[in-house]
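Take a look at the letters that make up each chain.
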Protein chains: 2
Amino acid sequence: MAVATPLLKDELDIVIPTIRNLDFLEMWRPFFQPYHLIIVQDGDPSKTIKVPEGFDYELYNRNDINRILGPKASCISFKDSACRCFGYMVSKKKYIYTIDDDCFVAKDPSGKDINALEQHIKNLLCPSTPHFFNTLYDPYRDGADFVRGYPFSMREGAPTAVSHGLWLNIPDYDAPTQLVKPHERNTRYVDAVMTIPKGTLFPMCGMNLAFDRDLIGPAMYFGLMGDGQPIGRYDDMWAGWCTKVICDHLGLGIKTGLPYIWHSKASNPFVNLKKEYNGIFWQEEIIPFFQAATLPKECATVQQCYLELSKQVKEKLSTIDPYFTKLGDAMVTWIEAWDELNPTGDNLAKLSIADGPAKK
Amino acid sequence: MAVATPLLKDELDIVIPTIRNLDFLEMWRPFFQPYHLIIVQDGDPSKTIKVPEGFDYELYNRNDINRILGPKASCISFKDSACRCFGYMVSKKKYIYTIDDDCFVAKDPSGKDINALEQHIKNLLCPSTPHFFNTLYDPYRDGADFVRGYPFSMREGAPTAVSHGLWLNIPDYDAPTQLVKPHERNTRYVDAVMTIPKGTLFPMCGMNLAFDRDLIGPAMYFGLMGDGQPIGRYDDMWAGWCTKVICDHLGLGIKTGLPYIWHSKASNPFVNLKKEYNGIFWQEEIIPFFQAATLPKECATVQQCYLELSKQVKEKLSTIDPYFTKLGDAMVTWIEAWDELNPTGDNLAKLSIADGPAKK
């Protein structure tokens, strides 16, 4: 029954945000070399970033982003890995895999190198089960199925929009937890993939993440972080909250679990605390906001959903801090820029909202 | 940091429904012998069931159930393992563990015997996280924690009412899946415990299940199954749907995952199909009913919640089949019998509903 996983060589881009030479790619060579890389260089654009020989890539620094997007470049963060979402926008492929440059190849319990990308592709190509919980985890995996009591009408599942991979070694902890548990390492290999149920939010980490750009791309905006902003390290969280609400509305699934990567080095908890402290307060209000958020039936495309969310963000979160007015505006700019760079199909959404009903 | 798990010897009963000699207990001796067993003998009460030497137990057959409950015995199923819930009712302990008599001790990947009960106790004694998803699974396990982006206000979690364990070897499949995949075995040991999120239903299996009787006992009614009923093998499912809705309403958590037991033998799929076929149709309407069910704020005890659910069952499911009117009535009888056998505290609920506000 086991079917080989397709490579999707011409349908997947790997997006890497970085400020340094990409030596980490050496370890990934057997797995990544078949793919096209989109490197988003953060920080000083005059710096040269070395990419190991033999990789097929395009590299964008801040000057490129400003040139390509013009005034709309304001929606792309600077000095924060949130800048990676520019790569999602310029890609022309159906699938995106994004990974941090301090993430290495992990080993499974048998000692074998884990081909993270292959597992992400598996996750994305088979359905999710957001409407009912399967106690044996992903029912589409080899050796698994739906358990007794799982309604047959729901066994087709939902298209999978996002595959959220995990991390061995350094877990993705916030600064306070890093400070309290500086020595904690994640050594537990959990051999599971599961769907996050409809109506449940989750903390989406951008370290090891794949998604279907056609299904959910425009929702993968990593927000305004870093330089000039009162917050950092909430870029992927923001994208995760928005994405989950929109996936739930559109009947799409999000999987989490395998594959693991090896996260090599904890970032500095003191620096992180500075970036995070506003988020730590704000998330106490942001999360209930997203838990309660509903989208009207008329929102039928990701763009329509996202623009509707941007309105709700401005209306309901601006009371926390004026930052959210700016963020709401940036969400609109992001969609405008997305549609400019991706001028087909999805664009209808933007046009019908911006210009009223299309004239015949 | 690792703390020894308490035995809870005087606070936990093991409930076993059976029709045969309990030889399977030999394998469980090192783990079960410290506990008191409640054996619910199904089928012919004149048959003698042998229990291995050295176990402390009480045994109830159908005559005992009829004698103890009188006319209310009608709510306890006959010729179906649903009869096990009688054991929950006569127990006087805080915790219940129930296991099928074809379940043996499983081994973990290192080859060590799994003490299933110890893991259930661990699960029940530490909180659940039903309000937000933690991507590293149970944040309270050794070596794990809440990941970045998990709201701090939710890190206390919720009391855990139910611990749902899984099965290696023979998975808990329905008859159609058994027929299609007669040779499938579950060999995947997933080293995880997780909370089923609020608002999400799951198929609860009674094969390897523990719960806190004080928190959720009266919701653990296994329905009318088997002899004289148009359905079987939906006893645990029914209890699971009701329990989940009530746990969500009362702010309690349900965990699933570890521990595994070794399920030795698949039941006959042809016999199962006969028992299940109505359920296979009916669950297509029952599950949306439970997904939409809400309980009024005034329902503050499990009994109040359960009686309210019984009303909704009769109102909304009786259109499927007259069976649900009978089941709704049996749910009320179950609560009456529960309160009769457990005449403190919780009883207030029943009294206040049956007799109006208590007079001073």
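Residues numbered from 1 in each chain as written. Chains lettered and ligands numbered in written order. Predicted model: local features only at pLDDT ≥ 70, side-chain atom pairs only at ≥ 80, totals over all residues. Heavy atoms only, no water.

As recorded in an unreviewed UniProt entry, chain A goes by the name UDP-arabinopyranose mutase, listed as coming from Solanum stoloniferum. Here is the UniProt Catalytic activity (unreviewed entry) comment for chain A, exactly as written: "UDP-beta-L-arabinofuranose = UDP-beta-L-arabinopyranose". What the UniProt record of chain A gives under Subcellular location (unreviewed entry) is the line "Golgi apparatus". (UniProt positions renumbered as here; feature names shortened; annotations may be inferred.)

This paragraph deals with the side chain of B:Asp100. Relative to the assigned elements, B:Asp100 resides in the loop between strand E4 (95-99) and strand E5 (103-104). When near neighbours in sequence (up to four residues on either side) are disregarded, B:Asp100 contacts B:Pro17, B:Phe24, B:Arg84, B:Gly206 and B:Met207. (Helix = DSSP H or I, 4+ residues; strand = E, 2+ residues; numbered from the N terminus. Contact = heavy atoms within 4.5 Å.)

Time to look at the nonpolar core. If you look at the biggest cluster of nonpolar residues, it comprises 240 residues, and the most contacted ones within it are A:Trp238 and B:Trp238. Not counting residues within four places of it along the chain, the set of residues in contact with A:Trp238 comprises A:Tyr221, A:Gly223, A:Ile286, A:Phe290, A:Tyr306, A:Val313, A:Leu317, A:Phe324, A:Leu327 and A:Met331. (Core = buried A, V, L, I, M, F, W, Y, C linked by side-chain atoms within 4.5 Å. Buried < 20%, exposed > 50% of the residue type's maximum accessible area, 1.4 Å probe, protein only.)

A few words now on the confidence of the model for chain A. Looking at chain A, the pLDDT average stands at 94 and 95% of residues meet or exceed 70. Predicted complex metrics record ipTM = 0.93 and pTM = 0.94. (pLDDT = per-residue confidence, 0-100.)

The next point concerns the packing of aromatic side chains. Under the criterion given, the structure shown has 44 aromatic pairs over all chains. Residues A:Phe24 and A:Phe104 carry aromatic rings whose centres are separated by 6.4 Å and whose planes lie at 85° to one another, so their mutual orientation is edge-to-face. Of this pair, A:Phe24 sits in the loop between strand E1 (12-18) and helix H1 (25-32) while A:Phe104 is found in strand E5 (residues 103-104), placing the two residues 80 residues apart along the sequence. For A:Phe24, a relative accessible area of 4% corresponds to the buried category. Judged by relative accessible area, A:Phe104 falls into the partly exposed class, the value being 24%. Judged by centre distance (6.4 Å) and plane angle (65°), the ring pair of B:Trp28 and B:Phe31 falls under edge-to-face. (Phe/Tyr/Trp six-rings, centres within 6.5 Å; stacked < 30°, edge-to-face > 60°.)

This next bit is on helix H8 (residues 269-292) of chain B. Residues and elements named next belong to chain B. Along H8, the sharpest change in direction is near 50° and occurs at Glu 276. Buried within H8 are the following residues: Pro 269, Asn 272, Glu 276, Asn 278, Gly 279, Ile 280, Trp 282, Gln 283, Ile 286, Ile 287, Phe 289 and Phe 290. Buried residues along H8 sit against helix H5 (175-180), helix H7 (235-250), helix H9 (302-317) and helix H10 (323-341). With a side-chain oxygen lying 2.7 Å from the backbone nitrogen of Phe 270, the N-terminal cap of H8 falls on Asn 268. (Bend = angle between axes of the 7 residues up to and from the residue. Polar contact = N/O pair within 3.5 Å; in protein donor to acceptor, adjacent residues only side chain to side chain.)

Looking now at the state of the cysteines. Residues and elements named next belong to chain A. Applying the stated criterion across every chain, the model contains 0 disulfides over all chains. Of all cysteine sulfurs in the structure, the one in Cys 305 sits closest to Cys 242, which takes part in no disulfide; the separation is 11 Å. By relative accessible area, Cys 242 is classed as buried at 0%. (Disulfide = S-S within 2.5 Å.)

All names here are of chain A. Those residues carrying the UniProt feature "site: Required for activity" (unreviewed entry) are Arg 148 and Arg 155 in this numbering. Mapped onto the elements, Arg 148 comes out in the loop between helix H4 (116-125) and strand E6 (160-169). Structurally, Arg 155 is set in the loop between H4 and E6. According to the relative accessible area criterion, Arg 155 is buried, its value standing at 12%.

Here the focus is the environment of A:Asn21. All names here are of chain A. Residue placement: Asn 21 occurs in the loop between E1 and H1. The partly exposed category is assigned to Asn 21, whose relative accessible area is 32%. As for Asn 21 and Pro 52, which are separated by 31 residues in sequence, their C-alpha atoms are 8.5 Å apart. Contacts of Asn 21, omitting those with residues within four sequence positions, involve Thr 48, Ile 49 and Lys 50. Looking at Asn 21, its side chain comes within polar contact range of the main-chain nitrogen of Lys 50, at 2.7 Å.

Right, let's talk about the relation of the copies chain A and chain B for a bit. Mapping chain A onto chain B calls for a rotation angle of 180° and an axial translation of 0.0 Å; the resulting RMSD is 0.0 Å. Expressed as a symmetry operation, the mapping of one chain copy onto the other fits a two-fold axis. Looking at the rotation axis and the C-alpha trace of chain A, the residue lying nearest is A:Val190, at 2.8 Å. Most of the interface of chain A is mirrored in chain B, where 100% of its interface residues again form contacts. (Least-squares fit on C-alpha atoms with pLDDT ≥ 70 in both.)

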